[in-house]
Amino acid sequence: MNAAEEVTTRIPGRIETTETSYATTSDLVDALKRAAAAHGEHEARTGGQYDTAWPEWYAAYMVAEHHGEKLPE
């Protein structure tokens, strides 16, 4: 193999499908706003108590939403 050869084709199955990324700041802001609204509903269902684990909840929500999985309640 020539050291100057360039890889131009990605072999199927080599992409990490569990990775979550946002293309723009606006996309991330929109995802955070949706998570915040859903978390407000979550707190209302749990008696309105402050959720000290909100960062974990937001992260789980955003990853599940991005991958089309079941959203946390």
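Not measured: the values here are computed from a predicted model.

### Examining the packing of helix α1 (residues 25–45) against helix α2 (residues 54–67)
Stage number 1. With their axes 9 Å apart at the nearest point, α1 and α2 run at an angle of 120 degrees to one another. The angle between α1 and α2 falls in the class oblique. Between α1 and α2 lies a crossing of right-handed hand. Where α1 abuts α2, its residues Leu28, Ala31, Leu32, Arg34, Ala35, Ala36, Ala38, His39 and His42 lie against Trp54, Trp57, Tyr58, Tyr61, Met62 and Glu65.
Stage number 2. Within the contact of α1 with α2, the residues separate by chemical class into 11 nonpolar, two polar and two charged.

### Side note on the environment of His66
Stage number 1. Topologically, His66 is positioned in helix α2.
Stage number 2. Accessibility expressed as a relative area gives 38% for His66, which makes it partly exposed.
Stage number 3. Along the primary structure His66 and Thr18 are separated by 48 residues, whereas in three dimensions their C-alpha atoms are 9.8 Å apart.
Stage number 4. Apart from the residues within four sequence positions on either side, His66 is in contact with Glu19, Thr20, Ser21 and Tyr22.

Definitions and limits used
The residue numbers shown here count from 1 along each chain, following its written sequence. Local features in this predicted model are restricted to residues of pLDDT 70 or higher, and side-chain atom pairs are both shown and tallied only at a pLDDT of 80 or more, whereas totals for entire chains, interfaces and linings draw on every residue. Calculation of side-chain values draws on the structure's entire complement of heavy atoms; hydrogens and water are dropped beforehand. Geometry is summarised by axes, namely lines fitted to C-alpha atoms with helices restricted to the contacting stretch, and by angles between N-to-C directions that run from 0 to 180 degrees. Put simply, DSSP H or I for four residues or longer makes a helix, DSSP E for two residues or longer makes a strand, and each gets a number counted from the N terminus. With respect to orientation, any angle under 35 degrees is reported as roughly parallel, any angle over 145 as roughly antiparallel, any angle of 65 to 115 as roughly perpendicular, and every other angle as oblique. Note on convention: near helix rotated counterclockwise from far helix by under a right angle means a left-handed crossing. Clockwise means right-handed. Any two residues having at least one pair of non-hydrogen atoms within 4.5 Å are treated as being in contact. Any residue that is not Ala, Val, Leu, Ile, Met, Phe, Trp, Tyr, Cys, Pro, Asp, Glu, Lys or Arg is counted as polar, Gly included; the first ten are nonpolar and the last four charged. The cut-offs for exposure are 20% and 50% of the maximum accessible area for each residue type, with area from a 1.4 Å probe on protein chains only; residues under the lower value are buried, those over the upper are exposed, and the others partly exposed.

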